[in-house]
Amino acid sequence: MRENKIIDDIELAKILLDPRRIHILRLAQDEPVTVKQMAEQMDEKPSRLYYHVKKLEEAHLLELVETKQQGNLIEKYYRSNNEHRSFTFGKQLTAEYSSYIVQEILRITHQGMGLIEEGMKMGQIGEGMLAEANIAYASLTPMEWAEKTHLVQNAISSNKEQSPFEPSESDIAKNAELSKQTTKDDYVFVMLSYRLKDVPDGQNEPEA
């Protein structure tokens, strides 16, 4: 089963680009958790998470699976449906909301590079702070490039069942000129990864 989903809904895209909501989905992935438990793990006040939990529930990304009576209180347990851990944006969405999507991608990138720069200055990269940017150059045909990007996507996917590369499903294959191209061009691959919890408070928030 493929984890990578194509997102065509801007409201869903906004939810999935929100780091706090992604964190909530991760916490509810393996077992049901309450908002209080989420808040403890995120070092947040529960009152700051209820709105986000409601939005995730409305988007069917988080579901209420159990309620328990604890004295005068009712505890609600939520679980992530784990359908949108990895995603790309549809062509119509990117055409209409290109500025917003690029802005959010740049925000995510700048956060990571900021951590790396700080870690370099402090000499902490690989010690207390886990953040890294890797760069690789490769000479590839368009179809080889499509296969490489698929393999990278598979490698970072949390889905244990890896999906094979299907050339017929590639956008490259749908372009007759590109699919037949056998000459190689030089490509650069940049892989940026960092822990969200290392991002200073206030920097891990999307702009309104």
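Shown above is the structure to which this text applies.
Rules used throughout
- Residues numbered from 1 in each chain as written.
- Predicted model: local features only at pLDDT ≥ 70, side-chain atom pairs only at ≥ 80, totals over all residues.
- Heavy atoms only, no water.
- Patch = residues over 30% accessible without salt bridge, like charges linked within 9 Å, V, L, I, M, F, W, Y side chains within 5 Å.
- Areas by Shrake-Rupley, 256 points an atom, 1.4 Å probe, with all protein chains shown as cover.
- Salt bridge = Lys/Arg side-chain N within 4 Å of Asp/Glu carboxyl O.
- Helix = DSSP H or I, 4+ residues; strand = E, 2+ residues; numbered from the N terminus.
- Buried < 20%, exposed > 50% of the residue type's maximum accessible area, 1.4 Å probe, protein only.
- Arc of directions from axis to C-beta.
- Contact = heavy atoms within 4.5 Å.
- Core = buried A, V, L, I, M, F, W, Y, C linked by side-chain atoms within 4.5 Å.

> What exactly am I supposed to notice about a nonpolar patch on the surface here?
On the surface, I135, Y137, V188 and V190 cluster together to form a nonpolar patch covering roughly 480 Å² of accessible area. The set of elements that each furnish at least two residues to the nonpolar patch consists of β5 (131–140) and β6 (185–194). Relative to the elements of secondary structure, V188 occurs in strand β6.

> How do you make sense of helix α3 (residues 35–42) when you look at a structure like this?
Along α3, the residues that are buried comprise V35, M38, A39 and M42. End-on, the buried residues of α3 take up no more than an arc of 100°, which puts them together on one face. Those residues of α3 that are exposed and aimed more than 90 degrees away from the buried face are K36, E40 and Q41. The inward-facing, buried residues of α3 contact α2 (19–27), α4 (50–58), β2 (62–70) and β3 (73–80). In the stretch just after α3, D43 is the one whose phi turns positive, near 55°.

> Would you take a moment to explain the nonpolar core for this structure?
Counting 25 residues, the largest nonpolar core has I24, M38 and L62 as its most contacted members. Residue assignment for this core shows that the elements contributing at least two residues are α1 (10–16), α2, α3, α4 and α6 (98–122). For this core, the leading source of residues is α1, giving five residues. When sequence neighbours within four positions are dropped, the list of residues in contact with I24 reads M38, M42, L49, H52, V53, L56 and L62. Of all hydrophobic cores here, the second largest spans six residues; its members include L115, I116, M129 and V199.

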